[in-house]
Amino acid sequence: MNNIDLTGKRAVVTGGGQGIGRAIAERFLISGCAVSLWDCDQPLLTATAESLSRSGTVHAATVDVSNVESVRAATDATVRRLGGVDILVANAGITGPNMKLWEYPVDSWQQVVNVCLTGVFLCCRALVPLMIAQDYGRIVNVASIAGKEGNPNASAYSAAKAGVIALTKSLGKELAGKNIAVNCVTPAAAKTRIFDQMSQEHIDYMLAKIPRGRFLQVQEAASMVAWLVSAENSFTTGAVFDLSGGRATY
Ligand SMILES: NC(=O)c1ccc[n+]([C@@H]2O[C@H](COP(=O)([O-])OP(=O)(O)OC[C@H]3O[C@@H](n4cnc5c(N)ncnc54)[C@H](O)[C@@H]3O)[C@@H](O)[C@H]2O)c1
C-alpha cells in the first residue's frame, strides 16, 4: 500500500457506516486524517465508529443526506468536534428497485434521486463555504459506471449518478480559482450490502460487463480516493476517475 499523507486533515465521509465509505474512512485514518462518519443507520454508525476509533480520531453524525436541516446539524456537530473540514467524500447512496422505467414507482424514483443526487448537492452546499474560507478543500463524489453507461432496469440510479458526474464538473469549474479540487469516481460493482437492494439478475449483468472479470474491491476504491483528496492532487479538478475494471471507454 502506498503512503498517502493526510496528516492533520479533517474529512467527512457520507455513507461511512459500511462498504465503500467505511473502506475510505479506514484508509484516511491510517493516512493521518481525522474522520467524521455521516450515515443514516445509527446502530451501524455507532459500531463502525467504535471499531475505527482504534485507528485515530473518529466522529460520527447520524444524518439523512437528503434532508437540508439534517445536513446542517451534522455540519455544525462536525465543526464543533473536528474544528473544520478539509475533505468531503459524498458517498452515501441507494440503488432503488430494479425495474423498467415505465413500471418504476414514482416514490422510489424520487427517493433514489433525493439520496444519490440531492444528497451530494446538499453536502457540497454545506461544506464548500468552509473550504472557501480556508482556501483549501478536496471533494470526491462517488458516482457510478451506471452514470456513464446507463444500466437497464436502473433508470433512477443511472440518471442520479449521471447527475453527480455533471454536478462535479460544474462545481469543479466554480472552484477552480481556489485551492479546492472537486472530482468524482465511477465504480463498477463492488460486493457490499448495497447488493441486498438489487436483483441477482442485475448483479450478474453488472459482473458480466466488467472486462476484469471480477468485482471491484472496496480497498481499490479507497486507494484512488485517498490520492484524489491529498494535497498532492493540486491541479486536477472537475474530472471523472474510472473504477470500472475496463468497462468504460471514456
Ligand atoms: N457497491 C457497488 O456495487 C457500487 C458501484 C458503483 C457505485 N457505488 C456507490 O458507492 C456508494 C457506496 O456504496 P456501497 O456499496 O458502499 O453501499 P452500502 O449500502 O454498503 O453503504 C451505503 C451507506 O450509505 C448509507 N446511506 C444510505 N442512504 C443514506 C442517507 N439518506 N443519508 C445518509 N446515509 C445514507 C447507508 O446507511 C450505508 O451505510 C454509493 O453511492 C453507491 O451508489 C456502489
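Above this text sits the structure in question.
Everything in this summary refers to the structure shown in the same document. Please read these numbers as outputs of a predicted model, since none were measured by experiment.

## Some remarks on the side chain of Arg10
In this fold, Arg10 is placed in strand S1 (residues 10-14). Within the structure, Arg10 has its side chain in polar contact with the backbone oxygen of Gly83 (distance 3.3 Å). Residues contacting Arg10, with those up to four places away along its chain left out, are Cys33, Ala34, Leu82, Gly83, Gly84, Val85, Asp86, Ile87 and Gln134.

## Details of the site of the ligand
Inspection of the region around the ligand gives 29 residues, with Asp39, Asn91, Tyr157, Ala190 and Thr192 positioned closest. Contacts to the ligand include Lys161, whose side-chain N or O atom sits 2.9 Å from an oxygen atom. Coverage of the ligand by the protein amounts to 95% of the 820 Å² it exposes when considered alone. When atoms are counted within 2 Å of each cavity's grid points, the one that captures over half of the ligand is the largest pocket. Listing elements by their share of the shell around the ligand, those giving two or more residues are helix H1 (19-30) and helix H6 (155-174). Taken together, the residues that form the shell around the ligand break down as 17 nonpolar, seven polar and five charged.

## Structural notes on the packing of helix H3 (residues 68-82) against helix H4 (residues 106-134)
Where H3 contacts H4, the two axes come as close as 9 Å, and the packing angle between them is 35°. Taken as a pair, H3 and H4 cross one another with a handedness that is right-handed. Residues Val68, Val71, Thr75 and Val79 of H3 form the contact with H4, whose participating residues are Leu122, Cys123, Arg125, Ala126, Leu127 and Leu130. Broken down by class, the residue content of the contact of H3 with H4 amounts to eight nonpolar, one polar and one charged.

## Some remarks on the layout of surface pockets
Of the volumes computed, that of the largest pocket is approximately 810 Å³. Looking at the largest pocket, it is lined by 41 residues, and the ones nearest its centre are Asn91, Ala92, Gly93, Ile94 and Ile194. Counting only elements with at least two residues in the lining of the largest pocket, the list comes to H1, strand S2 (34-39), helix H5 (145-149), H6 and helix H7 (200-208). Along the lines of polarity and charge, the residues of the lining of the largest pocket split into 23 nonpolar, 13 polar and five charged. Its boundaries defined by the atoms lining it, the second largest pocket holds a volume of some 170 Å³. Residues belonging to the lining of the second largest pocket are distributed by class as follows: six nonpolar, two polar and three charged.

Each value, and the rule that gives it
Residues numbered from 1 in each chain as written. Predicted model: local features only at pLDDT ≥ 70, side-chain atom pairs only at ≥ 80, totals over all residues. Heavy atoms only, no water. Helix = DSSP H or I, 4+ residues; strand = E, 2+ residues; numbered from the N terminus. Polar contact = N/O pair within 3.5 Å; in protein donor to acceptor, adjacent residues only side chain to side chain. Contact = heavy atoms within 4.5 Å. Near = heavy atom within 4 Å. Areas by Shrake-Rupley, 256 points an atom, 1.4 Å probe, with all protein chains shown as cover. 1 Å grid on protein atoms, 1.4 Å probe; cavity = no way out; pocket = protein on both sides within 12 Å on 5 of 7 lines; lining within 4 Å. Sits in = over half its atoms within 2 Å of the grid points. Nonpolar A, V, L, I, M, F, W, Y, C, P; charged D, E, K, R; others polar. Axes fitted to C-alpha atoms, helices over the stretch in contact; angles between N-to-C directions. Left-handed = near helix turned anticlockwise from the far one by under 90°. Points joined across faces, edges and corners; volume = space filled by probe spheres on them.

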